[in-house]
Amino acid sequence: MDPQLLHSVTDGVATVVIHHPARRNAMTAGMWGALPPLLAGLAAAPAVRVLVLTGEGGTFCAGADISTLRESPGTAQALAVEAEEALAAFPKPTLAAIRGHCVGGGSQLAAACDLRFAEEGALFGVTPAKLGIVYPAAATRRLVALAGPGTAKYLLFSGELIDAERALRTGLVDEVLPEGELGKRVADFTRVLATRSQLTQAAAKEFANGRTDRDAYWAEQARGSGDTAEGVAAFLERRAPRFTWVASG
């Protein structure tokens, strides 16, 4: 099978799989270019409430396919940045499910997700210093926001790999699961996310990402949504809520 991004939707959860096992799921130019339109389609689908990004088999993503850097490093980086920003801007909750190597462009993609769950044994690295590449400004700021300036500088200056336990301590990942348990944990957690208020999630995502010009918009959405009344009624009646708010596009 050619390098590609596979996707499926089940019970409100869209799963995007980086599929290039011959190169440890390295991202080709075609894969970088395919990600933004794929995400746009999933964002617009009412059936999609959560997005999971993962890699085929035992590796998340070993970075960019180096052959693309040889041909046109500037173009390759621009494609990667566009894909990363599209993932960061996805309006619904996103989670990276990480096994094995999460390196270079793989780390960019993982950092652009809202949450990162990793399996024990996963390895993380940001490797532009090995290639003489200036890491994109937005990706650098995102890494600093997650792991702090010390860890970001350690990774960027050295290109060395860190293990999942250190990634957890520094905030680069949110949970580390024993071998064989990542899939179940991700399935259980995303099932929970899919039952929660999309209104709450969408507003919280914008606020947490630093947007400051939409307070009035979200207050208006809350007044007209009915989600608050439904949530309170469901709590008092001891039943699961049936939230109805969806993004207008």
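Data block above holds the structure.
Residues numbered from 1 in each chain as written. Predicted model: local features only at pLDDT ≥ 70, side-chain atom pairs only at ≥ 80, totals over all residues. Heavy atoms only, no water.

### Quick word on helix 7 (residues 182-195)
Part 1 of the reasoning: An ideal rise of 1.5 Å per residue puts 20 Å on 14 residues; helix 7 measures up with 20 Å between its terminal C-alpha atoms.
Part 2 of the reasoning: Taken together, the buried positions of helix 7 are occupied by Leu182, Val186, Phe189, Thr190, Leu193 and Ala194. Within helix 7, the buried residues cover an arc of 145° as seen down the axis, which keeps them to one side.
Part 3 of the reasoning: Tucked inside the fold, the buried residues of helix 7 contact strand 2 (13-19), strand 3 (50-55), strand 4 (94-98), strand 6 (115-119), strand 9 (175-177) and helix 8 (198-208). (Helix = DSSP H or I, 4+ residues; strand = E, 2+ residues; numbered from the N terminus. Expected span 1.5 Å × (residues − 1). Buried < 20%, exposed > 50% of the residue type's maximum accessible area, 1.4 Å probe, protein only. Arc of directions from axis to C-beta. Contact = heavy atoms within 4.5 Å.)

### Remarks on the sheet that holds strand 5 (residues 101-103)
Part 1 of the reasoning: Strand order in this open sheet of three strands is 5-7-8, and the pairing throughout is mixed. At either margin of the open sheet sits one strand with a lone partner, and together these are strand 5 and strand 8 (162-163).
Part 2 of the reasoning: Looking at chain direction, strand 7 (residues 123-125) and strand 8 are connected through two bridges and run antiparallel. When the sheet's bridge partners are listed, leucine 123 is paired in strand 8 with aspartate 163. (Pairing = 2+ DSSP bridges.)

### Observations regarding the sheet that holds strand 2
Part 1 of the reasoning: Pairing in this open sheet of six strands is mixed, and the strands run 1-2-3-4-6-9 from one edge to the other. Looking at which strands have only one partner, the edges of the open sheet turn out to be strand 1 (4-10) and strand 9. Along the sheet, successive strands turn relative to each other by an average axial angle of 20°, direction set aside.
Part 2 of the reasoning: Relative to strand 9, strand 6 is paired through three bridges, and the arrangement is parallel. Bridge assignment links phenylalanine 117 to a residue of strand 9, and that residue is glutamate 175. (Axes fitted to C-alpha atoms, helices over the stretch in contact; angles between N-to-C directions.)

### Focus on helix 3 (residues 73-88)
Part 1 of the reasoning: Between its first and last C-alpha, helix 3 extends 22 Å over 16 residues, near the 22 Å set by a 1.5 Å rise per residue.
Part 2 of the reasoning: Listing the buried residues of helix 3 in full gives Ala76, Ala80, Ala83, Glu84, Leu87 and Ala88. Looking straight down helix 3, one finds its buried side chains confined to an arc of 135°; they lie on one side.

### A word on the side chain of threonine 94
Part 1 of the reasoning: Mapped onto the secondary structure, threonine 94 falls in strand 4.
Part 2 of the reasoning: Threonine 94 sits in the buried class, given a relative accessible area of 1%.
Part 3 of the reasoning: In terms of polar contacts, threonine 94 uses its side chain to reach the backbone amide nitrogen of aspartate 114, at 2.8 Å.
Part 4 of the reasoning: In contact with threonine 94, other than residues within four places in its own chain, are Leu51, Leu87, Ala112, Cys113, Asp114, Leu115 and Lys205. (Polar contact = N/O pair within 3.5 Å; in protein donor to acceptor, adjacent residues only side chain to side chain.)

### A short note on the packing of aromatic side chains
Part 1 of the reasoning: Enumeration over the complete set of coordinates arrives at three aromatic pairs.
Part 2 of the reasoning: Geometrically, the ring pair formed by phenylalanine 117 and phenylalanine 189 is tilted, given 5.3 Å between the ring centres and 50° between the ring planes. You can see phenylalanine 117 sitting in strand 6 and its partner phenylalanine 189 sitting in helix 7, a full 72 residues away along the chain. Each member of the pair, phenylalanine 117 as well as phenylalanine 189, carries the same accessibility label: buried.
Part 3 of the reasoning: Here the aromatic cluster, defined as three or more aromatic residues joined through ring pairs, consists of Tyr217, Trp218 and Trp245.
Part 4 of the reasoning: When the ring centre of tyrosine 154 is taken as reference, the NZ or CZ atom of arginine 166 above it lies at 4.2 Å. (Phe/Tyr/Trp six-rings, centres within 6.5 Å; stacked < 30°, edge-to-face > 60°. Lys NZ or Arg CZ within 6 Å of the ring centre and 35° of its normal.)

### Topic: the pairing of strand 2
Two faces make up the sheet, and in a regular strand the side chains alternate between them.
Part 1 of the reasoning: For strand 2, the tally of buried residues reaches six of seven residues, placing the bulk of the element in the interior.
Part 2 of the reasoning: Relative to strand 2, strand 1 runs antiparallel, the two being bridged by seven bridges. Looking at the pairing, valine 9 lines up with alanine 14 of strand 2.
Part 3 of the reasoning: The sheet contact formed by strand 2 and strand 3 spans six bridges and is parallel. Bridge assignment links valine 17 to a residue of strand 3, and that residue is threonine 54.

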